[in-house]
Amino acid sequence: MPAAKKTFWIETFGCQMNVHDSERVAGTLCAHGFAAVERAEEADLILFNTCSIREKAAQKVFQRLAQFRPLAKEGKQFGVLGCVAQQEGEAIFQRAPHVNLVAGSASYPRLAELIARLEAGEKRVTGLGSAEEAFETELTRRDHPFRAYLTIIEGCDKHCAYCVVPFTRGPERSRASASILAEARQLAAAGYSEVQLLGQNVNSYRDPSPARLSFAELLAAVAEVPGLRRVRFTTSHPRDFHPEIVRVLGEHETLCDHVHLPVQSGSSRVLAAMRRDYTREQYLERIAAIRACRRPLAITTDLIVGFPGESDEDFAATIELLDEVRYAGAFSFKYSPRPNTASGAWPDSVPEAVKAERLMILQRRQQEIQQHDNQSFVGRTLEVMVEGHNPKLGQWIGRASTNRSVNFTGSGLREPAAAALPIFAAPLRPGDYAWVRITKAGANSLVGEQAAAPAAAGRAMWKSR
Ligand code: SF4
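Residues numbered from 1 in each chain as written. Predicted model: local features only at pLDDT ≥ 70, side-chain atom pairs only at ≥ 80, totals over all residues.

1. Side note on the overall build of the chain
Part 1 of the reasoning: The helix and strand inventory of the chain stands at 13 helices and 21 strands.
Part 2 of the reasoning: At 23 Å, the chain has a C-alpha radius of gyration in line with the 23 Å of a compact globule built from 465 residues.
Part 3 of the reasoning: Its C-alpha atoms give the chain principal-axis dimensions of roughly 65 × 65 × 50 Å.
Part 4 of the reasoning: The buried share of the chain, taken over its 465 residues, is 44%.
Part 5 of the reasoning: Excluding contacts between residues fewer than 6 apart, the proportion of contacts in the chain whose partners are at least 24 apart in sequence is 73%. (Helix = DSSP H or I, 4+ residues; strand = E, 2+ residues; numbered from the N terminus. Rg over C-alpha atoms; globule rule 2.2 N^0.38 Å. Buried ≥ 20, exposed ≤ 12 C-beta atoms within 10 Å, placed from the backbone. Contact = placed C-beta atoms within 7 Å.)

Spelled out as structure tokens, the structure:
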């Protein structure tokens, strides 16, 4: 009888980069004889892939480690991966002595070797240091059946005053365009219809190969990969968001109707203190260029309130910016000082209560904007990628090209490409595309019912898989 496989369980915190890193870590482990399990209690190796962008996220990891500590008595091993590992290093062993592995993202190319040392009986294994190359592996174990992340660039050279990423993820390393395109073709061949290009700053992409594709050229090339129906990309830095990218967005329908362009503050004074490398006016020029695209694009953003020195006037400028840009969505946070950042050494001058109040005002205003602007979708028909089903509400759950969440009712049947409505042939499944007529709009989602494809729809109407 073959020996039982060792098992692992991984919990991921933070951004899509981390989610995708976990997929690559899982793939590496599976290739080295491990099997994934659903619960920590069933695993031999318990991994936390961590985020240190905000203090709260970092604290959570130590809470989880403490919560699972009793399992160490059963001989289970613990590993801390990702940004907290890179930031705290061996200090993690002091704070959580039951941890056996500390590995920052820069060490993932050596992950198999680190795991082997753990298996050979070493009690504490550390993988830190700085990365010089992009982490490329054939061993990714993707969790999502129809949407795939595809890393094109890792690390960051921008050094925003508040951000720990350049420290935890190292300098920018772009992947060769041929390797990215080969993976995109493999994904399409494997049945993925949506690909999301990932990087801390995707639009800082610099092709290291002789092809020397710009980010815009890479986008166009990925958009042309047969079988891909939706291509997204995140995150973009405003400084490098050149008009060429907007032109390509206008030309390729496969590229989603969505740009995420983090602004962080509406005050040029605060932006300068943050070392964001653009002013409010320059940011608004980028927005104007995006708005001038041949087709309408939803714009979303990230915002920080309470950055050191942020005055009432600075905050008012951020609220004015919300009104001016009218974002389709915004992630907003209270500033928290982080170790190994420039602003971490500055006085955290905005009182916590003021930060909380500003965040509340900002989020309320943004919700009002979304509630108002989403009304314009009522009566329109959108193509939605089906993500799941909510049996309680009897609704399908999906996402429009703009990344808006859409809940819809209907026959739940998908149409054969050649047949005319209302004849539906087979049940909808996650990964299918359906047309939905929007009947109601909330601040955070749209509601509708399955409908016929609009006559002008340029894309293949229904997906069969
Ligand atoms: S651009 Fe700024 S905020 Fe974004 S990852 Fe780089 S340093 Fe951090």
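That shown, we press on.
2. Some thoughts on the pairing of strand β15 (residues 381-390)
Part 1 of the reasoning: Bridge count between β15 and strand β20 (residues 433-441): 5 bridges; the pairing is antiparallel. The residue of β20 that forms the bridge with E383 is W435.
Part 2 of the reasoning: Across 6 bridges, the pairing between β15 and strand β16 (residues 395-400) is antiparallel. Paired with H389 across the strands is W396, a residue of β16.
Part 3 of the reasoning: What sits between the antiparallel neighbours β15 and β16 is a turn of 4 residues, in which G394 has the positive phi angle 65°. (Pairing = 2+ DSSP bridges.)

3. Focus on the packing of helix α8 (residues 215-223) against helix α9 (residues 243-251)
Part 1 of the reasoning: Put simply, α8 and α9 touch, their axes get as near as 8 Å, and they point 15° apart. Comparing their axes, α9 and α8 come out roughly parallel. The element α8 and its partner α9 pack so that their crossing is right-handed. Contacts from F215, A216, L219 and A220 in α8 reach E244, I245 and V248 in α9. (Axes fitted to C-alpha atoms, helices over the stretch in contact; angles between N-to-C directions. Parallel < 35°, antiparallel > 145°, perpendicular 65-115°, else oblique. Left-handed = near helix turned anticlockwise from the far one by under 90°.)

4. Notes on the nonpolar core
Part 1 of the reasoning: Within the largest apolar cluster, 99 residues are counted, with the highest numbers of intra-cluster contacts made by V80, L150, I152, V195, L197 and L219.
Part 2 of the reasoning: With 6 residues, α8 is the single largest residue contributor to this core.
Part 3 of the reasoning: Residue contacts for V80: discarding those within four places in its chain leaves F48, T50, V61, A85, I92, V99 and V102.
Part 4 of the reasoning: Counting 17 residues, the second-largest nonpolar core is a separate cluster that includes L382, V406, V436 and L446. (Core = buried A, V, L, I, M, F, W, Y, C linked by C-beta atoms within 7 Å.)

5. Considerations on α9
Part 1 of the reasoning: Those residues of α9 lying buried are I245, V246, V248 and L249. Relative to the axis of α9, the buried residues are bounded by an arc of 160° and lie together on one face.
Part 2 of the reasoning: Next to the buried residues of α9 lie α8 and α11 (280-291). (Arc of directions from axis to C-beta.)

6. Comments concerning the sheet that holds strand β11 (residues 230-234)
Part 1 of the reasoning: In space, the 3 strands of this open sheet follow the order β7-β10-β11, with parallel pairing throughout. Looking at the sheet topology across the chains shown, the edges are occupied by β7 (147-151) and β11. Averaged over all pairs of adjacent strands, the angle between their axes in this sheet comes to 25°, without regard to strand direction.
Part 2 of the reasoning: Judged from the 5 bridges that link them, β7 and strand β10 (residues 194-198) form a sheet pairing that is parallel. In the strand pairing of β10, A148 is matched with V195.
Part 3 of the reasoning: Against the sheet, helix α7 (residues 177-189) contacts β7 and β10, and its axis sits at roughly 170° relative to β7.

7. Topic: the domain arrangement of the chain
Part 1 of the reasoning: Each assigned domain of the chain is listed with its residue range as follows: domain 1 (6-127), domain 2 (147-374) and domain 3 (378-450).
Part 2 of the reasoning: Using C-alpha coordinates to define each centre, domain 1 is positioned 38 Å away from domain 3. (Domains from an automatic or database assignment.)

8. Here's the deal with the environment of C256
Part 1 of the reasoning: Tracing the backbone shows C256 in the loop between α9 and β12 (258-260).
Part 2 of the reasoning: Here the alpha-carbon distance between C256 and S214, two residues 42 residues apart in the chain, equals 19 Å.
Part 3 of the reasoning: What C256 contacts, discounting residues up to four positions off in sequence, is R230, V231, R232, S401 and N403.

9. What about the environment of F315?
Part 1 of the reasoning: Mapped onto the elements of the fold, F315 is located in helix α12 (residues 312-325).
Part 2 of the reasoning: C-beta crowding within 10 Å serves as the criterion here: with 24 such atoms nearby, F315 is assigned to the buried category.
Part 3 of the reasoning: Considering only alpha carbons, one finds F315 and E38, 277 residues apart in sequence, at a separation of 44 Å.
Part 4 of the reasoning: If we ignore the near neighbours within four places in the chain, the residues touching F315 are V305, E310 and R358.

10. Things to note about the sheet that holds strand β2 (residues 34-36)
Part 1 of the reasoning: The sheet built from 6 strands is open, its strands ordered β2-β1-β3-β4-β5-β6 with parallel pairing. Single-partner strands in this sheet number two, and they are β2 and β6 (125-127). When the angles between neighbouring strand axes are averaged without regard to direction, this sheet yields 25°.
Part 2 of the reasoning: Where strand β3 (residues 45-50) lies against strand β4 (residues 77-81), 5 bridges are found, and the strand directions are parallel. Among the inter-strand pairings, L45 is bridged to a residue of β4, identified as Q77.
Part 3 of the reasoning: Relative to β3, helix α2 (residues 55-68) is tilted by about 170°, and along the sheet it contacts β1 (6-12), β3, β4 and β5 (99-103).
Part 4 of the reasoning: Along the sheet, helix α5 (residues 111-119) contacts β4, β5 and β6; its crossing angle with β5, the most-contacted strand, is approximately 165°.

11. Some thoughts on unusual backbone geometry
Across the chain, the bulk of peptide bonds are trans and the bulk of non-glycine residues have phi less than zero.
Part 1 of the reasoning: The linkage connecting T234 with the following residue, T235, adopts the cis geometry, with an omega of 0°.
Part 2 of the reasoning: Tracing the backbone shows T235 in the loop between β11 and α9.
Part 3 of the reasoning: Backbone geometry at D277 places phi at a positive 70°, although glycine is not the residue there.
Part 4 of the reasoning: As for its placement among the helices and strands, D277 is situated in the loop between α10 (268-274) and α11.
Part 5 of the reasoning: Among the residues examined, D277 registers 15 C-beta atoms within 10 Å and is labelled partly exposed.
Part 6 of the reasoning: The phi torsion at N403 lies on the positive side, around 80°, for a residue other than glycine.
Part 7 of the reasoning: When you line up the elements, N403 lands in the loop between β16 and β17 (405-409).
Part 8 of the reasoning: For N403, a count of 18 C-beta atoms within 10 Å puts it in the partly exposed group.

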